[in-house]
Amino acid sequence: MKVAFFSTKSYDITSFEKHNTGAHDIIFYESTLNTKTAKLTQGCDAVCAFVNDHLHERTIKLLSEYGVKLIAMRCAGFNNVDLKAAKAANIKVVRVPAYSPMAVAEHATALIMTLNRKTHKAYNRVRDGNFSLERLTGFDMYGKTVGVIGTGKIGQYFSKIMLGFGCKIIAYDLYPNEELKALGVTYLSLDELLKSSDIISLHCPLTEDTHHLINEAAFSKMKKGTMLINTSRGGLINTIDAVEALKNQTLEYFGIDVYEQEEKLFFRDLSENIIMDDVISRLISFPNVIITSHQGFLTHEALDKIAEVTLGNLLAYQNEESLENEVVL
């Protein structure tokens, strides 16, 4: 198949060229997929897209006009794809439902430990010859109550990591996991989880029901000094409300790998630019906030899995086989 590959980074080329046996002709584009760049798909059978590509109704209509029959998302999320428009255009949509739940869960853990033990600050201090321990005090993870919102594969693995620290795990999910329950995880209502947690980590998909799940009302239920971690989707949190929660010290720690308006910022070098997003600029100014730019997935193992599954999805479509990873309404 001839595939137009959008939002390309160097690590994408490395992993996909490593695993492409020649069955597919992949054309790599650095630009995001949108109505302006859709013309690059002329003559292609499929597009390979990522989290910040714009697969809205108009884009999909253009893809159909150019002959595209398959949208291959190289990620688990598909909230940026208009599935109704894709179905109307007879374009199939496939994804990578689980590339490495360990990678994202471990990154969430890294955010927790960095915020807690302030290793980022200690590193910078020592480089400047400052060996003081003032204002670097953390807390024991052992015995803390960790609330896990969403116990799919990533949430399950994260819960097991936290159990290894000796934490008490409480969870909220519409479909409780029996294996976690057997390990001692207690499922509660969302309100009870918000009220009881020392640390809250988000691992649920972004849907109409979960958009701004963590908002002013949710923050009002948290106890003072809560740590909030989000490695899932930026839209789960009302960021303006999070700023207020940081100012009134409901949030004592805030770690995010995703951001509601990240498409204009993440995956690019803006070090010589003025950041026009006042909200993220405000967040960056807080000493108790850590922001990483959607790198939770970025491990060698995850990249290999993403390439393998995506290429397998393309091959299955080409061979008219059942699409195991198809996204359907």
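Quick notes on the rules
- Residues numbered from 1 in each chain as written.
- Predicted model: local features only at pLDDT ≥ 70, side-chain atom pairs only at ≥ 80, totals over all residues.
- Heavy atoms only, no water.
- Axes fitted to C-alpha atoms, helices over the stretch in contact; angles between N-to-C directions.
- Helix = DSSP H or I, 4+ residues; strand = E, 2+ residues; numbered from the N terminus.
- Parallel < 35°, antiparallel > 145°, perpendicular 65-115°, else oblique.
- Left-handed = near helix turned anticlockwise from the far one by under 90°.
- Contact = heavy atoms within 4.5 Å.
- Nonpolar A, V, L, I, M, F, W, Y, C, P; charged D, E, K, R; others polar.
- Salt bridge = Lys/Arg side-chain N within 4 Å of Asp/Glu carboxyl O.
- Buried < 20%, exposed > 50% of the residue type's maximum accessible area, 1.4 Å probe, protein only.

Closest axis-to-axis distance for the helix α1 (residues 10-19)/helix α12 (residues 300-318) pair is 9 Å, and the angle between their directions is 55 degrees. Taken together, the axes of α1 and α12 are oblique relative to one another. Crossing angle aside, the handedness with which α1 passes α12 is right-handed. Contacts from Tyr11, Ser15, Phe16, Lys18 and His19 of α1 reach α12 at Leu303, Asp304, Ile306, Ala307, Glu308, Thr310 and Leu311. When the residues that make up the contact of α1 with α12 are grouped by side-chain class, the tally is six nonpolar, three polar and three charged.

A word on the pattern of salt bridges. Enumeration over the complete set of coordinates arrives at eight salt bridges. Lysine 221 serves as the salt-bridge partner of aspartate 191, at 2.9 Å between the closest nitrogen and oxygen. Within this pair, whereas aspartate 191 is found in helix α8 (residues 190-196), its partner lysine 221 is found in helix α9 (residues 216-221), the two being separated by 30 residues in sequence. Residue aspartate 191 is classed as partly exposed on the basis of its relative accessible area of 33%. Relative accessible area serves as the criterion here: at 31%, lysine 221 is assigned to the partly exposed category. Note that aspartate 198 is salt-bridged to lysine 223, the shortest N-O span being 2.9 Å. Of this pair, aspartate 198 sits in the loop between α8 and β9 (199-202) while lysine 223 is found in the loop between α9 and β10 (226-230), placing the two residues 25 residues apart along the sequence. Among the residues examined, lysine 223 registers a relative accessible area of 34% and is labelled partly exposed.

Note that all results are geometric; they support no functional claim without further evidence.
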